[in-house]
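Chain by chain, the residues run as shown.
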Amino acid sequence: MRMIAIVAASLFVTGAALAQAPAPAPAAAAPATAPADAAGATCQSTIGPKNLHGAALTSSARKCCTDAATAAKLHGAAATSFIKKCTSDVAPAKS
């Protein structure tokens, strides 16, 4: 009987310790720019002085953004999304 009382008491103590709310996480500052935006700006500054237009601009932008995605170690859908966003930032589609 004494053993049961000890086990029950230890469960109550352990349960009370685990039931405490964790300390709130410190508020993290939102990043100023998304990685694709930063890569787009970098690629824009690299490609801009070349004064490219049309297919040459699109091709250069895609290559620069693909290299940035590789450097960021992105794969699959993340890389595809990153490259699409970065390319559209560098070489916006004409309306």
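Below is a short write-up of the structure. The structure presented is a predicted model; accordingly, all values stated were derived computationally and were not measured. (Residues numbered from 1 in each chain as written. Predicted model: local features only at pLDDT ≥ 70, side-chain atom pairs only at ≥ 80, totals over all residues. Heavy atoms only, no water.)

**Concerning the nonpolar core**
By size, the foremost hydrophobic cluster in this structure holds 12 residues: Ala-39, Cys-43, Ile-47, Ala-61, Cys-64, Cys-65, Ala-69, Phe-82, Ile-83, Cys-86, Val-90 and Ala-91. Of all elements in the fold, only α2 (35-47), α3 (54-71) and α4 (76-90) reach the threshold of two or more residues within this core. Excluding residues within four positions of it along the chain, Ile-47 makes contact with Leu-52, Leu-57, Ser-60, Ala-61, Cys-64 and Val-90. (Core = buried A, V, L, I, M, F, W, Y, C linked by side-chain atoms within 4.5 Å. Buried < 20%, exposed > 50% of the residue type's maximum accessible area, 1.4 Å probe, protein only. Helix = DSSP H or I, 4+ residues; strand = E, 2+ residues; numbered from the N terminus. Contact = heavy atoms within 4.5 Å.)

**Some thoughts on the packing of α3 against α4**
When two helices pack together, their arrangement is given by the angle between the helix axes and the distance between those axes. The interhelical angle for the contact between α3 and α4, taken along N-to-C directions, is 140°, at an axis separation of 9 Å. Of the possible angle classes, the one that applies to α3 and α4 is oblique. Crossing hand, α3 versus α4: right-handed. Side by side, α3 and α4 meet where Ala-61, Arg-62, Cys-65, Thr-66, Ala-68 and Ala-69 of the first sit next to Phe-82, Ile-83, Cys-86, Thr-87 and Val-90 of the second. Partitioning the contact of α3 with α4 into residue classes produces eight nonpolar, two polar and one charged. (Axes fitted to C-alpha atoms, helices over the stretch in contact; angles between N-to-C directions. Parallel < 35°, antiparallel > 145°, perpendicular 65-115°, else oblique. Left-handed = near helix turned anticlockwise from the far one by under 90°. Nonpolar A, V, L, I, M, F, W, Y, C, P; charged D, E, K, R; others polar.)

**Brief notes about α4**
The first and last C-alpha atoms of α4 sit 21 Å apart over 15 residues, in line with the 21 Å expected at 1.5 Å per residue. Where α4 is concerned, the buried positions are Ala-79, Phe-82, Ile-83, Cys-86, Thr-87 and Val-90. Taken around the axis of α4, the buried residues stretch over an arc of 125°, which confines them to a single face. In α4, the exposed positions angled more than 90 degrees off the buried face are occupied by Ala-77, Thr-80 and Lys-84. (Expected span 1.5 Å × (residues − 1). Arc of directions from axis to C-beta.)

**What to know about the side chain of Thr-87**
Looking at the element boundaries, Thr-87 is found in helix α4. Residues contacting Thr-87, with those up to four places away along its chain left out, are Ala-61, Arg-62 and Cys-65.

**A short note on unusual backbone geometry**
Of note, Asn-51 is a non-glycine position whose phi angle comes to about 55°, a positive value. Locating Asn-51 in the fold gives a position in the loop between α2 and α3. A positive phi angle, near 60°, is found at Lys-73, a position not held by glycine. Within the secondary structure, Lys-73 sits in the loop between α3 and α4. Among the residues examined, Lys-73 registers a relative accessible area of 67% and is labelled exposed.

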